[in-house]
Amino acid sequence: QVQFVESGGGTVRPGDSLTLSCVASGSIDGILGLAWYRQAPGLQRELIVTITDSGTIHYAGSVKGRFTASKDNAKNTMYLQMTDLSPGDTALYYCRQNFPQFGPWGQGTQVTVSS
């Protein structure tokens, strides 16, 4: 199983955009399922994006239309482009393998949206 390291978080204002990166310790080519999650303060971790090995992407309703996920197998990296951010998007963001088995959690990257 590969370990991911998330980066790119920060503090932004409502309406701003931010792009997160997730670099794997090994090859992501052939991993059947990858995913982005987030955990807001006081809430359970939420699955927000899934990416299959063929590139099919599904978004949770809370981010659909505003977030765009992608992956670059050559760079062993996943990306999450986030636009029109709101305070409700404030959370610690994680990525990991999620199919056929769950990979380890990383430390996440903090995104704070505040005016």
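So, here is what we can say about the structure in this document. Because the structure is a prediction, the values reported are computed rather than measured. (Residues numbered from 1 in each chain as written. Predicted model: local features only at pLDDT ≥ 70, side-chain atom pairs only at ≥ 80, totals over all residues. Heavy atoms only, no water.)

When helices and strands are tallied, the protein shows zero helices and 10 strands. Along its sequence from the N terminus, the protein presents helices and strands in the succession β-β-β-β-β-β-β-β-β-β. The C-alpha radius of gyration of the protein comes to 13 Å, within 12% of the 13 Å expected for a compact globule of 115 residues. Counting only C-alpha atoms and orienting by the principal axes, one finds that the protein spans roughly 40 × 25 × 25 Å. The burial tally for the protein puts 41% of its 115 residues in the buried class. Nonlocal contacts in the protein, meaning residues at least 24 apart in sequence, comprise 54% of its contacts between residues at least 6 apart. In the structure as shown, the protein presents an accessible area of about 5700 Å², 50% of it carried by carbon and sulfur atoms. (Helix = DSSP H or I, 4+ residues; strand = E, 2+ residues; numbered from the N terminus. Rg over C-alpha atoms; globule rule 2.2 N^0.38 Å. Buried < 20%, exposed > 50% of the residue type's maximum accessible area, 1.4 Å probe, protein only. Contact = heavy atoms within 4.5 Å. Areas by Shrake-Rupley, 256 points an atom, 1.4 Å probe, with all protein chains shown as cover.)

A few words now on unusual backbone geometry. Residues Phe-99 and Pro-100 are joined by a peptide bond in cis, for which omega reads 5°. The backbone of Asp-84 shows a phi angle near 50°, a positive value even though the residue is not glycine. Take Asp-84: it is sitting in the loop between strand S8 (77-82) and strand S9 (91-99). Classification of Asp-84 as partly exposed rests on a relative accessible area of 47%.

What follows covers the packing of aromatic side chains. Here the distance between the centres and the angle between the planes together describe a pair of aromatic rings. This model, assessed by the stated rule, comprises two aromatic pairs. With a centroid separation of 4.8 Å and an interplanar angle of 75°, the aromatic rings of Tyr-37 and Trp-105 are classed as edge-to-face. Of the two residues, Tyr-37 is situated in strand S4 (residues 33-39) and Trp-105 in the loop between S9 and strand S10 (109-113); the sequence distance between them amounts to 68 residues. You can call Trp-105 partly exposed: its relative accessible area is 32%. Pairing Tyr-94 with Trp-105 gives two aromatic rings, centres 5.5 Å apart and planes at 70°, and the pair type is edge-to-face. Taken together, the residues span a long stretch of sequence, with Tyr-94 in strand S9 and Trp-105 in the loop between S9 and S10 at a distance of 11 residues. One aromatic cluster in this structure is built from Tyr-37, Tyr-94 and Trp-105. Against the face of Tyr-94 rests Arg-45, its NZ or CZ located 4.1 Å from the ring centre. (Phe/Tyr/Trp six-rings, centres within 6.5 Å; stacked < 30°, edge-to-face > 60°. Lys NZ or Arg CZ within 6 Å of the ring centre and 35° of its normal.)

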